[in-house]
Amino acid sequence: INNASVSGQTSPSQCKEERKQLESNCRLVMFGRQPTPQCCAIVRATHVECVCPYVTPKLAALLGVNRTIKQIEGCGRTVPHNFKCGSVTTP
């Protein structure tokens, strides 16, 4: 399911703002911390089409795919199996 078809297309400026919010509120997660309630709220609201183009092999290796999936799911957002996001396809 494509989130854009449900919520309407996102504008480039909206995507930029979502990425900025994600980076500023979830930065400590990259260093092994658990997501805060504020980070989780942003994770649940962020559109995949705003984030996935920035998932490079380097970023995926840095974050750890399985760990990241568990954290996203821990925030209450489902991550589908075999979902292509940037350079990653989820297990």
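Throughout, residues of each chain are indexed from 1 in the direction in which the sequence is written. Local features are withheld for residues below a pLDDT of 70 in this predicted model, meaning they are given only at 70 or higher, and side-chain atom pairs are given and counted only at 80 or more; totals for whole chains, interfaces and linings count all residues. Computation of side-chain values: all heavy atoms of the structure, hydrogens and water removed.

Here we come to the overall build of the protein chain. Note on conventions: DSSP H or I runs of at least 4 residues are helices, E runs of at least 2 residues are strands, and numbering of each starts at the N terminus. Within the protein chain one finds 6 helices and 2 strands. Beginning at the N terminus, the succession of helices and strands in the protein chain can be written as α-α-α-α-α-α-β-β. Its C-alpha atoms give the protein chain a radius of gyration of 12 Å, within 12% of the compact-globule value 12 Å for 91 residues. Along the first, second and third principal axes, the C-alpha set of the protein chain runs to 35 × 25 × 25 Å. Summary of the burial criterion: residues with accessible area below 20% of their type's maximum are buried, those above 50% are exposed, and those between are partly exposed, where the area comes from a 1.4 Å probe applied to protein chains only. In the protein chain, buried positions account for 31% of the 91 residues. Counting only contacts in the protein chain whose residues sit at least 6 apart along the sequence, the fraction spanning at least 24 positions is 65%. With the model as given, the accessible surface of the protein chain reaches about 6,200 Å², and the carbon-plus-sulfur share is 61%. His residues and chain termini do not enter the charge count, which takes Lys and Arg as positive and Asp and Glu as negative. Charge positions come from single atoms, namely NZ of Lys, CZ of Arg, CG of Asp or CD of Glu. For the protein chain, the distance from the average position of its 11 positive side-chain charges to the average position of its 5 negative side-chain charges is 7 Å. Based on C-alpha atoms, the radius of gyration is set beside the globule rule, defined as 2.2 Å times the residue count to the power 0.38. The contact criterion used is simple: two residues touch if any of their non-hydrogen atoms lie within 4.5 Å. Per-residue and other accessible areas follow the Shrake-Rupley method at a 1.4 Å probe size, with only the shown protein chains counted as cover for residues.

This part is about helix α2 (residues 12-26). By definition here, a helix of n residues has an expected span of 1.5 Å times n minus one. Between its first and last C-alpha atoms α2 spans 21 Å; for 15 residues at 1.5 Å apiece the expected length is 21 Å, and the two agree. All of the buried residues along α2 are C15, E18, R19, L22, N25 and C26. Projected onto a plane normal to the axis of α2, the buried residues spread over an arc of 150° and lie on a single side. Exposed residues on α2 whose side chains face more than 90 degrees from its buried face are P12, S13, K16 and S24. The elements touched by buried residues of α2 are α3 (37-45) and α4 (48-51). Our arc is simply the arc of the directions from the helix axis toward the C-beta atoms.

Attention now goes to unusual backbone geometry. A positive phi is found at N82, a non-glycine position, where the angle reads about 55°. Looking at the element boundaries, N82 is found in the loop between α6 (65-74) and β1 (84-85). By relative accessible area, which is 63% here, N82 ends up exposed.

Before going further, it helps to spend a moment on the packing of α2 against α3. Here the axes come from fitting lines to C-alpha atoms, over the contacting stretch only for helices, and the angles between their N-to-C directions go from 0 to 180 degrees. Two elements in contact, α2 and α3, have axes whose closest approach is 9 Å; the angle formed by their N-to-C orientations is 155°. With respect to α3, the element α2 is oriented roughly antiparallel. Considering how the two elements wind past one another, α2 and α3 form a crossing that is left-handed. Across the interface between the two elements, E18, Q21, L22, N25 and C26 of α2 pack against Q38, C39, I42, V43 and A45 of α3. Of the residues assigned to the contact of α2 with α3, the class counts are 6 nonpolar, 3 polar and 1 charged. Each angle receives one of four descriptions, namely roughly parallel if under 35 degrees, roughly antiparallel if over 145, roughly perpendicular if within 65 to 115, and oblique otherwise. Take the far helix as your reference; a near helix turned counterclockwise from it by less than a right angle gives a left-handed crossing, and one turned clockwise gives a right-handed crossing. Any residue that is not Ala, Val, Leu, Ile, Met, Phe, Trp, Tyr, Cys, Pro, Asp, Glu, Lys or Arg is counted as polar, Gly included; the first ten are nonpolar and the last four charged.

Honestly, that's just the spatial picture; any functional story needs more than this.
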